[in-house]
Amino acid sequence: MVSLLSPEVVENLPGYFHGINTPESAAEWFEKVLAEGRVLSVSYKHGDDLTGFIFLYGTEAQTVHIGYLLKQSEWGKGLASEMLDGLVRFAEQNTNWECLVAGVDPANVASARLLEKLNFIRQTAADDNPVFYHYRFDKSGS
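Residues numbered from 1 in each chain as written. Predicted model: local features only at pLDDT ≥ 70, side-chain atom pairs only at ≥ 80, totals over all residues. Heavy atoms only, no water.

S.K.: I'd love a proper account of the overall build of the protein, names of residues and values included.
M.R.: Helix and strand content of the protein: four helices and six strands. Along its sequence from the N terminus, the protein presents helices and strands in the succession α-α-β-β-β-α-β-α-β-β. Taken over C-alpha atoms, the radius of gyration comes to 15 Å for the protein, in line with the 14 Å a tight globule of 142 residues would show. On the principal axes, the C-alpha backbone points of the protein span a range of 50 × 40 × 30 Å. Scored against the burial criterion, the 142 residues of the protein give a buried share of 38%. (Helix = DSSP H or I, 4+ residues; strand = E, 2+ residues; numbered from the N terminus. Rg over C-alpha atoms; globule rule 2.2 N^0.38 Å. Buried < 20%, exposed > 50% of the residue type's maximum accessible area, 1.4 Å probe, protein only.)

S.K.: Break down helix 4 (residues 109–117) for me, citing the residues and quoting the values.
M.R.: Of the residues making up helix 4, those classed as buried are Ser 111, Ala 112, Leu 114 and Leu 115. Projected down its long axis, helix 4 shows its buried positions confined to an angular sector of 160 degrees, all on one face. In helix 4, the exposed positions angled more than 90 degrees off the buried face are occupied by Ala 110, Arg 113 and Lys 117. For helix 4, the secondary structure elements touched by its buried residues are strand 3 (63–70), helix 3 (79–94), strand 4 (99–104) and strand 6 (131–136). Within two residues after helix 4, Asn 119 carries a phi angle of roughly 70 degrees, on the positive side. (Arc of directions from axis to C-beta. Contact = heavy atoms within 4.5 Å.)

S.K.: Talk me through the nonpolar core; I want residue IDs and the actual numbers.
M.R.: Formed by 27 residues in total, the largest nonpolar core has its most connected members in Ile 66, Leu 84, Leu 100, Leu 115 and Phe 120. Those elements that place two or more of their residues in this core are strand 2 (50–57), strand 3, helix 3, strand 4, helix 4 and strand 6. Considering every element that reaches this core, the biggest residue donor is helix 3, with seven residues. In this structure, Leu 84 is in contact with Ile 66, Tyr 68, Leu 114, Leu 115 and Leu 118, ignoring residues within four places of it in sequence. Counting 14 residues, the second largest nonpolar core, distinct from the first, contains Leu 5, Val 33, Phe 55 and Leu 69. (Core = buried A, V, L, I, M, F, W, Y, C linked by side-chain atoms within 4.5 Å.)

S.K.: Which residues make up the side chain of Thr 95, and what values go with them?
M.R.: Looking at the element boundaries, Thr 95 is found in the loop between helix 3 and strand 4. From its side chain, Thr 95 meets the backbone oxygen of Ala 91 in a polar contact 2.7 Å long. A polar atom in the side chain of Thr 95 sits 3.2 Å from the backbone nitrogen of Trp 97. (Polar contact = N/O pair within 3.5 Å; in protein donor to acceptor, adjacent residues only side chain to side chain.)

Encoded structure:
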């Protein structure tokens, strides 16, 4: 897990994602994120290597906040798009969630583009740090 949380991967993430460079600090970090919400691990179907995480906060509510990260060696392969699209499709069919919210550091242009590609809508605010994107589910049955 330590190699997954490299400085490049966590560069635009909250402070408690930084400086994780031992198995002990990784275990402490993992306990913290588990205490805050749900954590989905991401790996290839026919592999054992941990490739990324999706973080879900407030899963018992109608609005769920999400976060995600992906091992740097997997960047640019379409995996982030696949994992978030899968999350959206799963949530549409299996939850009562009305909205997903993702916060993105303005410097993380690739993540912002990904969310826009997946039909998340940028929310405007006076202070755009982080920038928030919303995905609203159509629960009307159409």
